[in-house]
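# Coordinate inspection notes
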Amino acid sequence: VQLQASGGGLVQGGGSLTLSCEASASISNMHTMTWYRQIPGAQRDLVALITRGGRTNYADSVKGRFTISRDNAKNTVYLQMNDLKPEDTAVYYCRAQRFTSGPPIYWGQGTQVTVSS
């Protein structure tokens with residue numbers, strides 16, 4: 001399964017962006033779809049996840065500002081990001097996990113989000 005992330009760009013603080021992650025195959029059988037982000041020299045951190053059953057979880061730093069959703073019919077996961085802050089600047093990656101734990105796990109190539117102050 002290949003994941004194609006898109007929607008990143010440059011935005012002013014307080015602005016909004018919507019990231020998309022389109023899969024090359026059905027995501028309806030993927031248990032968990034997750035967005036991560038990474039800044040240079042740091043580890044990749046979880047931003048938000050959504051399970052096949054629709055349960056969501058968010059990093060504390062984005063709660064109330066970001067919303068994750070999945071459209072199984074379009075094989076796409078979205079990350080709506082509102083009230084963006086300079087500290088949200090990072091490369092954002094999507095990940096698909098087939099089961100509740102363990103492999104197979106698939107990663108997208110990342111999309112850059114830059115928030116200016």
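### Re the overall build of the protein chain
A tally of helices and strands in the protein chain yields 0 helices and 11 strands. Starting at the N terminus and ending at the C terminus, the protein chain contains elements arranged as β-β-β-β-β-β-β-β-β-β-β. Dimensions of the protein chain, computed from the C-alpha atoms along their principal axes, are close to 40 × 25 × 25 Å. For the protein chain, the proportion of its 117 residues judged to be buried stands at 42%. Contacts in the protein chain between residues at least 24 apart in sequence constitute 53% of all its contacts with a sequence separation of at least 6.

### Focus on the sheet that holds strand 7 (residues 66–71)
If you trace the 4 strands from one edge of the open sheet to the other, you get 1-3-8-7, paired in antiparallel fashion. The open sheet is flanked by strand 1 (3–6) and strand 7, the only strands paired with a single partner. Geometrically, the sheet is characterised by an average inter-axis angle of 15° between neighbouring strands, direction not taken into account. One ladder, built from 6 bridges, connects strand 3 (residues 17–23) with strand 8 (residues 76–81); its direction is antiparallel. Counterpart to Leu19 in the pairing with strand 8 is Leu79.

### Brief notes about the nonpolar core
Grouped together as the largest cluster of nonpolar side chains are 29 residues, with contacts concentrated most on Trp35, Val47, Phe66, Ile68, Leu79, Met81 and Tyr92. The contacts of Val47, once residues within four sequence positions are left out, are Trp35, Tyr36, Arg37, Asn57, Tyr58, Ala59, Val62, Phe66, Leu79 and Tyr92.

### Some details on the environment of Gln80
With respect to the helices and strands, Gln80 occurs in strand 8. In this structure, the C-alpha to C-alpha distance between Gln80 and Ser20, residues 60 residues apart in sequence, is 8.8 Å. Non-local contacts of Gln80, meaning those with residues more than four positions away in its chain, are made with Ser16, Leu17, Thr18, Arg65, Phe66 and Thr67. One polar contact links Gln80 to Asn82, side chain to side chain, over a distance of 2.7 Å.

### Quick look at the pattern of salt bridges
Applying the stated rule across the entire model yields 3 salt bridges. Between Asp60 and Lys63 there is a salt bridge, and its shortest N-O distance comes to 3.1 Å. Lys63 sits in the partly exposed class, given a relative accessible area of 48%. Across the salt bridge formed by Asp88 and Arg65, the nearest N and O atoms sit 2.8 Å from each other. Of this pair, Asp88 sits in the loop between strand 8 and strand 9 (90–97) while Arg65 is found in the loop between strand 6 (56–58) and strand 7, placing the two residues 23 residues apart along the sequence. Across the pair, Arg65 and Asp88 agree in class, each one buried. Salt bridges here are not isolated pairs; linked through shared partners, they connect Arg37, Arg65 and Asp88.

Definitions and cut-offs
- Residues numbered from 1 in each chain as written.
- Predicted model: local features only at pLDDT ≥ 70, side-chain atom pairs only at ≥ 80, totals over all residues.
- Heavy atoms only, no water.
- Helix = DSSP H or I, 4+ residues; strand = E, 2+ residues; numbered from the N terminus.
- Buried < 20%, exposed > 50% of the residue type's maximum accessible area, 1.4 Å probe, protein only.
- Contact = heavy atoms within 4.5 Å.
- Pairing = 2+ DSSP bridges.
- Axes fitted to C-alpha atoms, helices over the stretch in contact; angles between N-to-C directions.
- Core = buried A, V, L, I, M, F, W, Y, C linked by side-chain atoms within 4.5 Å.
- Polar contact = N/O pair within 3.5 Å; in protein donor to acceptor, adjacent residues only side chain to side chain.
- Salt bridge = Lys/Arg side-chain N within 4 Å of Asp/Glu carboxyl O.

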